Amino acid sequence: MKALDYKLLLALDAVMQEQNFERAAQRLHLTQSAISQRIKQLEQQFAEPLIIRSQPLRATELGQKLLAHYRQVRQLELELAGELSPEAPQLPVRVSIAINADSLATWFLPALAPLLEQPPIELNLLVDDESRTLDKVREGQAFGAISLQPQPLAGCCVDELGEMHYLLTASPAFVARHFPQGLNAAALAKAPAVAFDQRDDMHVSFMARHFGLAPGGYPCHTVRSSEAFVAMAEQGLAYCLIPELQIRQQLAQGLLLDLCPDNHLVERLYWHRWVLERGLHKQISSRLIQQGRRALQPR
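(A) The overall build of the chain, seen in detail. For the chain, the count of helices and strands is 13 helices and 11 strands. With the principal axes as the frame, the chain shows a C-alpha extent of 70 × 40 × 30 Å. Restricting to contacts in the chain with at least 6 residues of sequence separation, those with at least 24 account for 72%. On the chain, the mean spot of the 29 positive side-chain charges and the mean spot of the 32 negative ones are 4 Å from each other.

As structure tokens, then:
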């Protein structure tokens, strides 16, 4: 294979980050024609398209591999520059991590706090369902991801973090209003629930397994925020699956009730990242593995 031209890969990366050829050209101080020509050269080298011209722009499978390689090399270059010239002003190291909302709302930020106090770091968090975060690593958008998948991608390694326990919860007032005869399928079919988004199958699978309720068989809000889940439950607006780690205080104070104490949902989380990690990225992995295992210990 012909050697990679990183000038061309830089153009591909700029187009995908800016989602626009003109803005990519402005970012690299080039003309739009020059950017288009560089992408064309790269596609000619591999004899296949690298960008799907859709809205938003998407990289092809080969494009994703090239982007992942380029971004790994770029991260290593930035860290090496800091080691070779520690006294020189350093550009911020942009660290992209794909993470599920529940980890972000509980143990993740405290785990990284000591590192974030040491500039220059720019944290870019890509929040998605834990069943889909690994796609961000596959596509080259993130160097690491909190995921449910135990198997690593090619060029990546993985460590188990621990268990996230989810409780079906509601406020005492909500229980009195909607479940006066106890928790049963008939009452649940009328009471409002909450899901993270339309693709969130956690709540769906829990309700189907334990109560025989099919998707669409009960009212369900869509709220893309773990903190909003807690707020809606506390205010008696809905019942929902919430990590025990996030509501221990509310449970202890009686503000929220565990509706199914014999049936908790347990999700096992894993930390995936590029094999080529050093410096800051290696420190991030070390902190996440150490603190994640401390917070997500089996019950």
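(B) Spotlight on the packing of aromatic side chains. Enumeration over the complete set of coordinates arrives at 7 aromatic pairs. Their ring planes at 35° and their centres at 6.5 Å tell us that Tyr6 and Tyr70 sit as a pair that is tilted. Of this pair, Tyr6 sits in helix 1 (residues 6-18) while Tyr70 sits in helix 4 (residues 61-84), and the two are 64 residues apart along the sequence. Assessed through its relative accessible area of 34%, Tyr6 is described here as partly exposed. Through a chain of ring-to-ring contacts, three or more aromatic side chains come together here, namely Phe143, Trp271 and Trp274.

(C) Structural view of the environment of Phe211. Mapped onto the fold, Phe211 is located in helix 10 (residues 201-211). What makes Phe211 buried here is its relative accessible area of 18%. Remark: the alpha-carbon pair of Phe211 and Leu183, spanning 28 residues in sequence, is separated by 9.4 Å. Residues contacting Phe211, with those up to four places away along its chain left out, are Leu168, Leu183, Ala185, Leu188, Phe206 and Cys260.

(D) Here's a closer look at the nonpolar core. Counting residues in each nonpolar core, the largest one holds 51 residues, and the members touching the most others are Trp107, Phe179, Tyr239 and Ile284. Sorting elements by how many residues they give to this core places strand 6 (residues 156-170) first, with 6 residues. The contact partners of Ile284, leaving out residues within four places of it in the chain, are Val95, Ile97, Leu112, Leu115 and Phe143. In this structure, Leu9, Leu12, Phe21 and Leu57 belong to the second largest nonpolar core, which totals 23 residues.

(E) Summary view of unusual backbone geometry. Of the consecutive residues Gln55 and Pro56, the connecting peptide bond is found in the cis state with omega at 0°. Relative to the helices and strands, Pro56 is located in the loop between strand 1 (51-52) and strand 2 (58-59). Not every positive phi belongs to a glycine, and Gln19 is a case in point at roughly 60°. In this structure, Gln19 sits in the loop between helix 1 and helix 2 (21-27). Not every positive phi belongs to a glycine, and Ala47 is a case in point at roughly 60°. Among the secondary structure elements, Ala47 is positioned in the loop between helix 3 (32-46) and strand 1.

(F) Geometry of the side chain of His165. Relative to the helices and strands, His165 is located in strand 6. You can call His165 buried: its relative accessible area is 12%.

(G) Molecular detail of the pattern of salt bridges. The final tally for this structure, using the stated rule, is 11 salt bridges. With a shortest N-O distance of 2.5 Å, Arg268 and Glu163 are connected by a salt bridge. Of the two residues, Arg268 is situated in strand 11 (residues 265-274) and Glu163 in strand 6; the sequence distance between them amounts to 105 residues. Under the relative-accessibility criterion, Arg268 is labelled partly exposed at 33%. A residue is classified by how much of its surface remains accessible, and Glu163, at 15% relative accessible area, is buried.

Definitions and limits used
- Residues numbered from 1 in each chain as written.
- Predicted model: local features only at pLDDT ≥ 70, side-chain atom pairs only at ≥ 80, totals over all residues.
- Heavy atoms only, no water.
- Helix = DSSP H or I, 4+ residues; strand = E, 2+ residues; numbered from the N terminus.
- Contact = heavy atoms within 4.5 Å.
- Lys, Arg positive; Asp, Glu negative; His and termini not counted.
- Charge placed at Lys NZ, Arg CZ, Asp CG, Glu CD.
- Phe/Tyr/Trp six-rings, centres within 6.5 Å; stacked < 30°, edge-to-face > 60°.
- Buried < 20%, exposed > 50% of the residue type's maximum accessible area, 1.4 Å probe, protein only.
- Core = buried A, V, L, I, M, F, W, Y, C linked by side-chain atoms within 4.5 Å.
- Salt bridge = Lys/Arg side-chain N within 4 Å of Asp/Glu carboxyl O.

Remember that the coordinates give geometry; whether it matters functionally is a separate question.
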